[in-house]
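# Architecture and fold: a report
Letter by letter, the chains look like this.
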Amino acid sequence: MESDSTTRHKPRGRVVMLVDNGVKGDSRVQKAARSAADAGWDVVLFGVSPDSQKHSWKLGSAEVRLIPKPTPLNPRRHDMRRPFPRRPLAYRSPQVARYRVQAAKAWRSDLAFRQASVKAAKAGHPGRSAGGSTARLLVPRLSAKVYSKWVALRARETTDLQKRRSMLDARVDRTTTAMWQLLMKERAWRRLTPNLWDFELAFAKHIDALKPDLIHAHDFKMLGVGARAAVRARAAGRPVKLVWDAHEYVPGLPPRHGRWLPGHVAWEKEHAVFADAVVTVSPALAELLKEGHDLAELPTVVLNAPVLSPAADEVAGADPVPDLRELCGVGADTPLLAYVGGINPVRGVETIIEGLTLMPDAHVAMVSVPPGKPYAATATIAKLVDELGVGDRVHFLPFVPHWQVADFVAPADAAVSPLHHLANHELALSNKFFEYAQARLPQVVSDIRTMSEMVRSTGQGEVFRAQDTEDYVRAVKAVLADPERYRAAYDKPGLLEKWTWEAQAEILDGIYSRLLPDRPKAAAPAAEPRADAHA
């Protein structure tokens, strides 16, 4: 697949983008690849295949390639060791435990069959005795009973050990984690999260074959992959530039187990020093990255802003923007709130639902239904809706393409964002924030740091205390009482213009141009015609 691409450089050079997902659900990555290609760069975007096959398609002039990523290093080291001395009675693995339990059940089942066959034969039924007289089976039955109890004991020990091991937070785990951090510092991920090697081993040969001029690594996992590819190229005499696009604050992520966070922090720390430029999603996160990695300069902020003029191939075949109020079955006079996003415990959706009990006339459009399987927490929210008796005023609606969101929610009276206090919530302005703004909707947001500061500074909405339903209702009522006051904030000259991806793409292209000054921006190859997102 790579051989064709290596021969077709565009005048400005080749950009290889890397992301640790399947691309289709990541609007920032898609927008970055498409806009860079529109600016004249030869863009190949590598993502992770959902199966064992390679997949490819086009995003405008950019090419997407999904690469299979085997995970032989996913098993943790303790899963391949004997359980002694922690639980000497435990089996070597849960698989062995399941086998032993099932084998013991099979033995007892067979003994029961043999005994039953004798009784059935004596009663004159068809068949024959399977050698199961009561006397003959006495010792085997007692043995099977004792063996089953022994197996059950060892299986319970195995399960208990797995539970203890799964989070890697027992005293011995904490001690060894601290030891590796002390001894290896930023190299400690090799011991704490060795599965990160799987990304490097899956993507390295594909990146190297393309001989990129610039590598754009999205987020922390692909930072290491991009850094290592850049180092290999530099050692071979090719001065490849590396751009790290930091989407999240790694120390603020919820850990999956006791070694996940220190391992990923170390991975990021070791590889950040190889970046020629760093971009991120908010000024607050830029400051933390500069301080945490001792960067020479403050990272450039590229906001998660929406595309106002999607390309013709994006809108081709897409349905027209649905009528929000028609889908909700409400007229123009009904107070309608809009929420766009996933449903999980930290997004504060419960606050929206509980608030309806104090606002009997209000409805809420929950644009939260993904294609395929719904979010795991959706059932919990649906149950809460039923318990509170507000089912006729909560409208679960499917997602629309990212370039339709602003027009889709525009008929609402206000947009709500009830996020809980988490480190990464505090630091970023979400893409939904900008989509609500482009819809010119007053916003009701929780008091997470960056978003609440922006809302207060612009006057585009009201702020409430996170997880405080009464304060949320106060804020919503204030907005609904005078929505035009808040909409007027969007009239500030230049505000909405800079909150577009088109404006952010210029910033990103400026970084590429600074790193590769011998590749000036010429008349870009005929970009695909742009559609009117408001059509």
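Note that the structure is predicted; figures quoted are calculated from it, not measured. (Residues numbered from 1 in each chain as written. Predicted model: local features only at pLDDT ≥ 70, side-chain atom pairs only at ≥ 80, totals over all residues. Heavy atoms only, no water.)

Next up on the list: the overall build of the protein chain. Secondary structure assignment for the protein chain yields 22 helices and 14 strands. Oriented by its inertia axes, the alpha-carbon framework of the protein chain measures out at about 95 × 70 × 50 Å. Scored against the burial criterion, the 535 residues of the protein chain give a buried share of 50%. Carbon and sulfur atoms make up 56% of the accessible area of the protein chain, which totals about 25500 Å². (Helix = DSSP H or I, 4+ residues; strand = E, 2+ residues; numbered from the N terminus. Buried < 20%, exposed > 50% of the residue type's maximum accessible area, 1.4 Å probe, protein only. Areas by Shrake-Rupley, 256 points an atom, 1.4 Å probe, with all protein chains shown as cover.)

This next bit is on the sheet that holds strand β5 (residues 214-218). Read from one edge to the other, the open sheet built from 8 strands follows the order β3-β4-β2-β1-β5-β6-β7-β8, with strand pairing classed as mixed. On the outer flanks of this sheet lie β3 (55-59) and β8 (300-301), each paired with one strand and no other. Across the face of the sheet, helix α7 (residues 197-210) comes into contact with β1 (14-18), β2 (42-48), β4 (62-67) and β5 while running at roughly 165° to β2. (Pairing = 2+ DSSP bridges. Contact = heavy atoms within 4.5 Å. Axes fitted to C-alpha atoms, helices over the stretch in contact; angles between N-to-C directions.)

Moving on: the sheet that holds strand β13 (residues 443-446). Read across the sheet, 6 strands follow the order β11-β10-β9-β12-β13-β14 without closing on themselves; strand pairing throughout is parallel. Two strands close off the open sheet at either side, each with one partner strand: β11 (394-398) and β14 (461-464). The average undirected angle you get between the axes of adjacent strands in this sheet is 25°. The sheet contact formed by β13 and β14 spans 4 bridges and is parallel.

Taken across its 6 residues, β4 has 6 buried, putting it largely inside the fold. Taking every second residue as pointing to the same face, both faces of β4 are buried, with Ala62, Val64 and Leu66 on one and Glu63, Arg65 and Ile67 on the other. Pairing of β2 with β4 involves 5 bridges; the strand directions are parallel. Bridged to Val44 within β4 is Glu63. The pairing of β3 with β4 spans 5 bridges and is classified as antiparallel. Bridging across to β4, Lys58 finds its partner in Glu63. In textbook terms, the turn of a hairpin is the stretch between consecutive antiparallel strands, and for β3 and β4 this stretch comprises 2 residues, one of which, Gly60, has a positive phi near 65°.

What follows covers a positive patch on the surface. Together, Arg108, Lys119, Arg141, Lys145, Lys149 and Arg156 line one region of the surface with positive charge. Among the secondary structure elements, those contributing two or more residues to the positive patch are α3 (94-122) and α4 (134-166). Here the positive patch takes 4 residues from α4, the largest share from any one element. Of note, Lys145 is situated in helix α4. (Patch = residues over 30% accessible without salt bridge, like charges linked within 9 Å, V, L, I, M, F, W, Y side chains within 5 Å. Salt bridge = Lys/Arg side-chain N within 4 Å of Asp/Glu carboxyl O. Lys, Arg positive; Asp, Glu negative; His and termini not counted. Charge placed at Lys NZ, Arg CZ, Asp CG, Glu CD.)

Next up on the list: the environment of Arg92. If you trace the backbone, Arg92 turns up in the loop between β4 and α3. Judged by its relative accessible area of 47%, Arg92 is partly exposed. Considering only alpha carbons, one finds Arg92 and Asp319, 227 residues apart in sequence, at a separation of 55 Å.

Another aspect to go through is the packing of α3 against α4. Running from amino to carboxyl end, α3 crosses α4 at an angle of 160°, the nearest separation of the two axes being 9 Å. Judged on the interaxial angle alone, α4 and α3 are roughly antiparallel. As for the relative orientation of α3 and α4, their crossing is left-handed in sense. Broken down by class, the residue content of the contact of α3 with α4 amounts to 12 nonpolar, 6 polar and 6 charged. (Parallel < 35°, antiparallel > 145°, perpendicular 65-115°, else oblique. Left-handed = near helix turned anticlockwise from the far one by under 90°. Nonpolar A, V, L, I, M, F, W, Y, C, P; charged D, E, K, R; others polar.)

Let us now look at helix α9 (residues 260-272). The end-to-end C-alpha distance of α9 is 18 Å, a good match for the 18 Å that 13 residues give at a rise of 1.5 Å each. When you tally the buried positions in α9, you get 11 out of 13 residues, the bulk of the element. Considered for burial, the residues of α9 that qualify are Trp260, Leu261, Pro262, Gly263, His264, Ala266, Trp267, Glu268, Glu270, His271 and Ala272. Those residues of α9 that are buried are in contact with α5 (171-184), α6 (189-192), α8 (219-235), β6 (241-246) and α10 (283-293). (Expected span 1.5 Å × (residues − 1).)

This model, assessed by the stated rule, comprises 11 aromatic pairs. Between Phe220 and Trp260, the aromatic rings sit 6.3 Å apart at their centres with planes inclined by 85°, giving edge-to-face as the arrangement. Residue Phe220 is found in helix α8, and its partner Trp260 is found in helix α9; the two are separated by 40 residues along the sequence. Side by side, Phe220 and Trp260 carry an identical accessibility label, which is buried. Seen from the ring of Trp57, Lys24 lies directly overhead, with NZ or CZ sitting 4.9 Å from the centre. Against the face of Tyr91 rests Arg154, its NZ or CZ located 4.0 Å from the ring centre. (Phe/Tyr/Trp six-rings, centres within 6.5 Å; stacked < 30°, edge-to-face > 60°. Lys NZ or Arg CZ within 6 Å of the ring centre and 35° of its normal.)

The biggest cluster of nonpolar side chains holds 38 residues, and the ones touching the most others in it are Leu18, Phe46, Phe203, Ile207, Ile215, Leu242 and Trp244. Broken down by secondary-structure element, the contributors of at least two residues to this core are β1, β2, α7, β5, α8, β6, α9 and α10. Counting residues per element, this core draws most heavily on α8, which supplies 7 residues. Non-local contacts of Phe203, meaning those with residues more than four positions away in its chain, are made with Phe46, Gly47, Val48, Ile67, Met222 and Val225. (Core = buried A, V, L, I, M, F, W, Y, C linked by side-chain atoms within 4.5 Å.)

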